[in-house]
Amino acid sequence: MPRYKLTIEYDGTPFCGWQVQAGQPTVQGVLMEAFARFCGEEVTVSGAGRTDAGVHATGQVAHVDLSRDWRPDQVRDAMTAQLRPHPVAVLAAEKVPGDFDARFSAVKRHYLYRLVNRRPDLALDRDRAWRVPKRLDAARMHEAAQRLLGKHDFSTFRAAECQAASPVKTLDLLDVAREGDAIRITTSARSFLHHQVRSMVGSLVRVGEGVWSPDDLEAALKAADRRRCGPMAPACGLYLVGVDYRMDEAQAG
């Protein structure tokens, strides 16, 4: 039974997240329905990241097993037709070994958080970025962000309903950069706790507003106490932009 790796883009606004939920629109659900129309099979589409309601993706990765040996371009093009009118697109499909798992084979995940730092409301970026009207000091935010790098107990930035076995994670990248009114926060790690990225962003905004110092952010991290977290950033600004795998590194080498 051939296994396919899918690279997927979606606007998360109309969905209740990635994972199938009874009676609710989900990204995983519309993909599985599209496959049923395409090849007449009930399949499971397993994703690398279970994004929350309202979270977007430009580089989500999933895998699916199909009984027929389709060419990858046939899978991609058929899904293009079957997914309409949902704001979901299969950007690429490729055959992979049967032991490839989109979630458990991943070695690093990359997220982007988009802020628009201006007083006027958003028109084109509505539901795709977080508007913060108060002027933010992006350089100060970046300075503070570096205090979170490395291996830590991230309980402060963990959702109460998080199902991870341990709150200890290793954060490889957390950069903050301003481009005009836009502030881009990029972060990478092997895996993240539930709501970790949005919680870190909300706390960094406190630093940018001058409410917290970088020392305050570091103290909140070390407290390992959810009550020390700043307000959580809204889902609309968060994007899953890529997932790395060892086979990608081997091919690049």
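Residues numbered from 1 in each chain as written. Predicted model: local features only at pLDDT ≥ 70, side-chain atom pairs only at ≥ 80, totals over all residues. Heavy atoms only, no water.

1. With respect to the overall build of the protein
For the protein, the count of helices and strands is six helices and 10 strands. The C-alpha atoms of the protein give 19 Å as radius of gyration, which agrees with the globular expectation for 253 residues (18 Å, within 12%). With the C-alpha coordinates aligned to their principal axes, the bounding extent of the protein is approximately 60 × 40 × 40 Å. When contacts within the protein are restricted to residue pairs at least 6 apart in sequence, long-range pairs at least 24 apart make up 70% of them. Surface summary for the protein: the accessible area is close to 12,000 Å², and the carbon and sulfur share equals 48%. Charged side chains of the protein number 35 positive and 32 negative; the gap between the two group centres comes to 3 Å. (Helix = DSSP H or I, 4+ residues; strand = E, 2+ residues; numbered from the N terminus. Rg over C-alpha atoms; globule rule 2.2 N^0.38 Å. Contact = heavy atoms within 4.5 Å. Areas by Shrake-Rupley, 256 points an atom, 1.4 Å probe, with all protein chains shown as cover. Lys, Arg positive; Asp, Glu negative; His and termini not counted. Charge placed at Lys NZ, Arg CZ, Asp CG, Glu CD.)

2. Some points on the packing of aromatic side chains
Throughout the structure, instances matching the rule amount to seven aromatic pairs. Centre to centre, the rings of Y111 and F192 are 5.4 Å apart; their planes meet at 90 degrees, and the pair counts as edge-to-face. Pair noted here: Y111 is in strand β5 (residues 106-116) and F192 is in the loop between β9 (182-189) and α4 (196-209), with a separation of 81 residues, a long-range link. There is no split in this pair, since Y111 and F192 are both buried. (Phe/Tyr/Trp six-rings, centres within 6.5 Å; stacked < 30°, edge-to-face > 60°. Buried < 20%, exposed > 50% of the residue type's maximum accessible area, 1.4 Å probe, protein only.)

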